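Summary of the model geometry
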Amino acid sequence: VLAASVAQADIFKIGRTSDVSSDLYAFGVNDCGTSVPSLTWSYTKVSGQVCSIKFWVTPGNCGNEITTATDFDLGAGQISTTSSVSTGTLTINSSALKGFTADAGCGTSGIEVSHRVCGVAETNFSICGSNNAKVSALPNFKINYDAKPPIQPSISAIANEDNAVKVSYTTADDTAQVRAEATPAAGGATITATASNASTTAGVNNTSGFVKLTGLQNATVYNVVVIAIDAAGNESAPSVAFQGKPTLTEGFWAVLKKGGTTEPTTGCSTAPSLAVFVGLMLILRRRSFT
Amino acid sequence: VKTVACLVLLLASTAGAGERFGPSPRSMMLEIKLGPYVPEIDSAFQGVMLTPYASTFGTPMLLGEVEFDYQIFQNFGSLSAAFSVGYAEKFTKAREAGTTLSSDNATGLRLLPVKLMAVYRFDVLNEKFSIPVVPYVKAGAAVLPWWVAKGADIEFATDSAGLNGSRGQGVKYGFTGAAGLSLCLDFLDRRMAHDFDTGLGVNHTYLFAEFATEQFSLFNAATNTLPLDLDSKHVLFGLALEF
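Reference entry: report on the structure contained in this document. From a predicted model like this one, the values you see are computed outputs, not experimental measurements.

Let's talk about the overall build of chain B
Assigned secondary structure in chain B consists of four helices and twelve strands. The buried share of chain B, taken over its 243 residues, is 41%. The contacts of chain B with a sequence gap of at least 6 include a subset with a gap of at least 24, amounting to 69%. A total accessible area of about 12,300 Å² is found for chain B, and carbon and sulfur atoms account for 68% of it.

Next up, the structure:
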């Protein structure tokens, strides 16, 4: 009971070295055979002692023990004897993951295979032995092979602006980015713009947002499409094309200018009025408070 | 009899203590106020029958101001030096060039009035006779940075001949004045007002309405017949704390 109470207060985490708060790495066809970005683990002990730490990767759920037949053993972690915090790094090659089959290995298109990086520490309030408590790293870090492109997005509206169009879109939940492309209907170079999907409004089954394409020619008709990109870099099929036509607009300043308004470029400074004000204050300041 | 005598003495001593602790010293005033605001832009176009502000925006801007007064004289009323900062904006859709059609671009006018003023408050009625009204007047200097946005940028535009391009931004200098009436709210609950003073040092709480004007034309002589006229006359309503 004592060992268990110690374990509940300890903190055990695994995250990407470049972003320890991240608990997911998604990769695609082009990343097969390469190393997963370096992972960092840390174990913060509150009291008692850490007896051992083990790591492995499994295509299923972590549990408390490695399953040799299906899991990939990452070995033991080094426990600090001088600090209450033990840390280390884990290096994983995507080719060592065991969730792939002979028919659907890494590099196969159209499939998704998930793995979890598991860590279990054995701790004891007094002497390490058979009654050690087990603490799992939480949350489980996930490594997802994603070779499925996102669902084709759709354009919900195009707003024509000055030398720009604002493209509103709807896309699937696993979209990390959206790229908009505008090609002159009469032919010419394509202009692209990319927006993160993170700031969009999440719906029940989709998200929506907008991308602004700038640097366009006014009074030119453009065919505009959007392409959804997921975290693994898979690109969806382009949306159905919408047409946009950037339009020269006149704001309030243009309205005033066309009406003949010219803002004076010179004028007296505020010094005269300030001088009057300060003088008045100095005269009155000579009187004391009552 | 002894008990009654003790109670009388206790009440007498309590009443005496209450009289000894009068209101805390007051030297400052904080005002927060809001009101509709229409710069007199259209007045410069009366001769040519144009109303650019009204036809573009239609309704008044909303002006918000915060004012801080420091009282330098307290005898027959109070005289203060005051500093205030305000902000007003109005946005609408820009029109497609050469038409009256609304586009998808937004355009807006933003104003940031900054004032340095002398304020006289005739608070004798409230302080001496507990009549909770305080008329006041203000006068001073005003600085008005302004800018016109189109989309996310300050708009650049030319005249109808495509010449004299300039960005829609600038600063105006001028005078400001105001006259208003404050209603001291202490009479609603004098005990709470007293606690507000002893606990936080707030002597009085006011609701007020004031008529204000800004005149920039004196310092900003037009270089042609149609200047950008940001003079205004408007009414503000607000809450003030004197402490």
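Examining the overall build of chain A
A count of helices and strands for chain A gives three helices and 18 strands. Relative to all contacts within chain A whose residues are 6 or more apart in sequence, the contacts with residues 24 or more apart total 70%. Surface accessibility of chain A: about 14,500 Å² in total, with carbon and sulfur atoms responsible for 54%.

Observations concerning the state of the cysteines
All names here are of chain A. Scanning the entire structure with this criterion turns up three disulfides over all chains. The partner cysteine of cysteine 51 in its disulfide is cysteine 128, sulfur to sulfur 1.9 Å. Looking along the S-S bond of the cysteine 51-cysteine 128 disulfide, the torsion reads about -90°, which is the left-handed sense. Taken together, the positions of cysteine 51 in strand β4 (residues 49-58) and cysteine 128 in the loop between β7 (112-124) and β8 (133-136) put the pair 77 residues apart, joining distant regions of the chain. The class of cysteine 51 is partly exposed, set by a relative accessible area of 22%. Under the relative-accessibility criterion, cysteine 128 is labelled partly exposed at 32%.

Regarding the pattern of salt bridges
All names here are of chain B. Scanning the entire structure with this criterion turns up 22 salt bridges over all chains. Among the salt bridges present, the one from lysine 138 reaches glutamate 31, with a minimum N-O distance of 2.8 Å. Pair noted here: lysine 138 is in strand β6 (residues 133-150) and glutamate 31 is in strand β1 (residues 28-37), with a separation of 107 residues, a long-range link. Accessibility classification places lysine 138 together with glutamate 31 in one group, the buried group.

As for the sheet that holds strand β3 (residues 39-44) of chain A
Residue and element names in this part refer to chain A. An order of β1-β3-β6 is seen for the three strands of this open sheet, with the pairing classed as antiparallel. Each edge of the open sheet is held by one strand with a lone partner, namely β1 (11-16) and β6 (85-90). Neighbour to neighbour, the strand axes of the sheet diverge by 15° on average, direction disregarded. Relative to β6, β3 runs antiparallel, the two being bridged by six bridges. Opposite serine 42, over in β6, you have threonine 87 as the bridge partner.

A word on the packing of aromatic side chains
In this structure the tally under the stated criterion is twelve aromatic pairs over all chains. The interplanar angle of 65° and the centroid separation of 6.0 Å between the aromatic rings of phenylalanine 12 of chain A and phenylalanine 55 of chain A together place this pair among those described as edge-to-face. A residue pair is termed long-range when its members are at least 10 positions apart, and phenylalanine 12 of chain A in strand β1 and phenylalanine 55 of chain A in strand β4 qualify at 43 residues. By the ring-pair criterion, three or more aromatic residues cluster together here, those being Phe12, Trp41, Tyr43 and Phe55 of chain A. In this structure, lysine 166 of chain A is placed above the aromatic ring of phenylalanine 210 of chain A, and the distance from its NZ or CZ to the ring centre is 4.5 Å. Its guanidinium or amino end placed over the ring of tyrosine 136 of chain B, arginine 121 of chain B lies 4.9 Å from that ring's centre, counting from NZ or CZ.

Considerations on the environment of valine 221 of chain A
Residues and elements named next belong to chain A. Mapped onto the elements of the fold, valine 221 is located in the loop between β15 (206-214) and β16 (222-230). The spatial distance from the C-alpha of valine 221 to the C-alpha of alanine 182 is 9.4 Å, given a sequence separation of 39 residues. For valine 221, the contacting residues outside a window of four places in its chain are Thr183, Pro184, Ala185, Gln243, Gly244 and Lys245.

Focus: the pairing of strand β10 (residues 154-161) of chain A
Within a regular strand, side chains alternate between the sheet's two faces. Residue and element names in this part refer to chain A. As judged from the seven bridges shared by β10 and strand β11 (residues 164-172), these two strands associate in the antiparallel manner. In the strand pairing of β11, alanine 157 is matched with serine 168. Taking the residues that link successive antiparallel strands as the turn, the β10-β11 hairpin has two residues, and the phi of asparagine 163 there is positive, at about 55°.

Points about the nonpolar core
Grouped together as the largest cluster of nonpolar side chains are 27 residues, with contacts concentrated most on Phe12, Ile14, Ile92, Val117 and Ile143 of chain A. Sorting the residues of this core by element identifies β1, β2 (24-27), β3, β4, β7 and β9 (141-146) of chain A as the ones contributing at least two each. A total of four residues in this core trace back to one element, the largest contributor, which is β4 of chain A. Contact partners of isoleucine 143 of chain A, with chain neighbours within four places excluded, come to Tyr25, Phe27, Val36, Ile92, Leu97, Val113, Ser114, His115 and Val117 of chain A. One finds Trp253 of chain A together with Ile41, Leu63 and Ala88 of chain B within the second-largest nonpolar core, a separate group that totals 24 residues.

A short note on unusual backbone geometry
In this structure, proline 139 of chain A follows leucine 138 of chain A across a cis peptide bond, with omega equal to -10°. Looking at the element boundaries, proline 139 of chain A is found in the loop between β8 and β9. Positive phi, close to 55°, is recorded for asparagine 163 of chain A, a residue that is not glycine. Summarising the element assignment, asparagine 163 of chain A is placed in the loop between β10 and β11. Despite not being glycine, serine 130 of chain B shows a phi value in the positive range, around 55°.

The rules behind these values
- Residues numbered from 1 in each chain as written.
- Chains lettered and ligands numbered in written order.
- Predicted model: local features only at pLDDT ≥ 70, side-chain atom pairs only at ≥ 80, totals over all residues.
- Heavy atoms only, no water.
- Helix = DSSP H or I, 4+ residues; strand = E, 2+ residues; numbered from the N terminus.
- Buried < 20%, exposed > 50% of the residue type's maximum accessible area, 1.4 Å probe, protein only.
- Contact = heavy atoms within 4.5 Å.
- Areas by Shrake-Rupley, 256 points an atom, 1.4 Å probe, with all protein chains shown as cover.
- Disulfide = S-S within 2.5 Å.
- Salt bridge = Lys/Arg side-chain N within 4 Å of Asp/Glu carboxyl O.
- Pairing = 2+ DSSP bridges.
- Axes fitted to C-alpha atoms, helices over the stretch in contact; angles between N-to-C directions.
- Phe/Tyr/Trp six-rings, centres within 6.5 Å; stacked < 30°, edge-to-face > 60°.
- Lys NZ or Arg CZ within 6 Å of the ring centre and 35° of its normal.
- Core = buried A, V, L, I, M, F, W, Y, C linked by side-chain atoms within 4.5 Å.

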